[in-house]
Amino acid sequence: MKILIKQARIVDPSSPHSGKIKDIFIRDGKIAQISSQLQQEADRVIECDGLHLSPGWVDTFSHFCDPGSEYKETLETGSKAAAAGGFTHVFVLPNTQPAVHSKSQVEYIKEKSKSLPVNLHPIGAITRNTEGKELAEMYDMKASGAIAFSDGLNTVQSAGLLIKALQYVKAIDGIIIQIPDDKSIAPHGLMNEGIISTRLGLPGKPAMAEELMVARDIKLARYTDSKLHFAGVTSRKSLEYIKRAKEGGIKVTCSVTPYHLYFTEEDLLTYDTNLKVNLPLRSKEDSIALKNALLDGTVDMVATHHEPHEWDSKVCEFEYAKPGMIGLESCYAALGSLGFSADDTVKWLSINPGKIFGLPQVCIKEGEPCYITLFQPGVTFTFEERHIQSKSKNTAFLGKELKGKVIGTIIGEKLSLNPTL
């Protein structure tokens, strides 16, 4: 297949063409030619105002619910959502039925991925059934293609068990991913503890539940000298701990979600169940701290925490609603709406996650394999249900005016254009 991309600004710090507007000719899944003006015949020509092009984006934390909860999402529908959001690689959570805790489950996802528009990378469970009781078969899962290890939505509560996991993955050059959440503190909390939770009459969960887990796990990572990644950090104090740990040479990294950057606890005044998430939305000051931490490098990347839920799990009383929202299709536009530059966004969505998790590093230059995301930073639009390719529609971004549109992705010879264009 031959694809000609016309007049696109290349955003790739490793490319000799970075920052320049070029034509790119793709043939047989590789970048064949880059020049100011190309006239080659192509099966598909892509041209639009303000077009940008970067190495393919990576989402490091998505729940595709397959197998076991296909009524929420499947690998097929999740992949369509990811492609529409500009992602070429997606790390899928192990919280399925059965859980991804052995090589057969890893192989199932890897095999299905071959026919999908994005590359799916299974995250292997740290413990059997993600129950936090005994270690899973991490060596076998790594050999079968597990990208990292995590109990996903279930934080490992036992320090002794997590030490063993960190020691184990060090021998196979693995990474542990943790949502930092001490479940023993305010286990019935529905939102961030503070003035807003009191006003709404909802039980709160203090940021301390996150901060204690961050502090504990940093000590464990230092003790074992292993790689640890915190997913979805929300608290100012957590950021301080992580920054000090990095300065001290501890192998920790972290990510934030688009919705923790965009929304705060004040948005819950409408009792919108789509804003019931774990970890909960924090204060405006915390949200500002997250944005600053992204810009100064304390936070390494943005991850969507895509968590689909069917209608019944969200259209109910706030107390009974399941936590989580989808985020693949709205991720880039949410970041654009907050004023982040295209160069910074590409760093957080592509360059940093690729380096940290050891994905093959691609470069926008002639002869390189094709892993490309195409997008328009300057386009403003209202996010509507028609923009959602996911099987579930649980998002608080519906009706919001967002800035930045994804055109599509190219992986080898697979071209996926956003169906809502």
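Residues numbered from 1 in each chain as written. Predicted model: local features only at pLDDT ≥ 70, side-chain atom pairs only at ≥ 80, totals over all residues. Heavy atoms only, no water.

A.B. asks: What exactly am I supposed to notice about the layout of surface pockets here?
C.D. replies: If a probe as big as a water molecule is rolled over the atoms, it shows which places are left empty. For the largest pocket, the calculated volume is near 640 Å³. By volume, the second largest pocket amounts to about 270 Å³. Lining the second largest pocket are 18 residues, with Pro55, Ser350, Pro360, Gln361 and Val362 positioned closest to its centre. Going through the elements one at a time, β7 (87-92) and α12 (342-356) are the ones with two or more residues in the lining of the second largest pocket. When residues of the lining of the second largest pocket are assigned to their parent elements, the largest contribution, four residues, is made by α12. In terms of residue class, the lining of the second largest pocket is built from nine nonpolar, seven polar and two charged. (1 Å grid on protein atoms, 1.4 Å probe; cavity = no way out; pocket = protein on both sides within 12 Å on 5 of 7 lines; lining within 4 Å. Points joined across faces, edges and corners; volume = space filled by probe spheres on them. Helix = DSSP H or I, 4+ residues; strand = E, 2+ residues; numbered from the N terminus. Nonpolar A, V, L, I, M, F, W, Y, C, P; charged D, E, K, R; others polar.)

A.B. asks: Hey, could you run me through the pattern of salt bridges in this one?
C.D. replies: One side chain can pair with another of opposite charge once the charged atoms of both are near each other. All chains considered together, the criterion is met by 18 salt bridges. With a closest N to O distance of 2.7 Å, Glu310 and Lys72 form a salt bridge. Placement of Glu310 in the loop between β15 (301-302) and α10 (311-314) and of Lys72 in the loop between β6 (57-62) and α1 (75-84) is noted, with a sequence separation of 238 residues between them. Look at Glu310 and you get partly exposed, because its relative accessible area is 22%. The exposure class assigned to Lys72 is buried, which follows from its relative accessible area of 11%. Its salt-bridge partner being Lys227, residue Asp173 comes within 2.9 Å of it at the nearest N-O pair. Linking Asp173 in the loop between α4 (159-171) and β10 (175-178) with Lys227 in strand β13 (residues 227-230), this pair joins segments that are 54 residues apart in sequence. (Salt bridge = Lys/Arg side-chain N within 4 Å of Asp/Glu carboxyl O. Buried < 20%, exposed > 50% of the residue type's maximum accessible area, 1.4 Å probe, protein only.)

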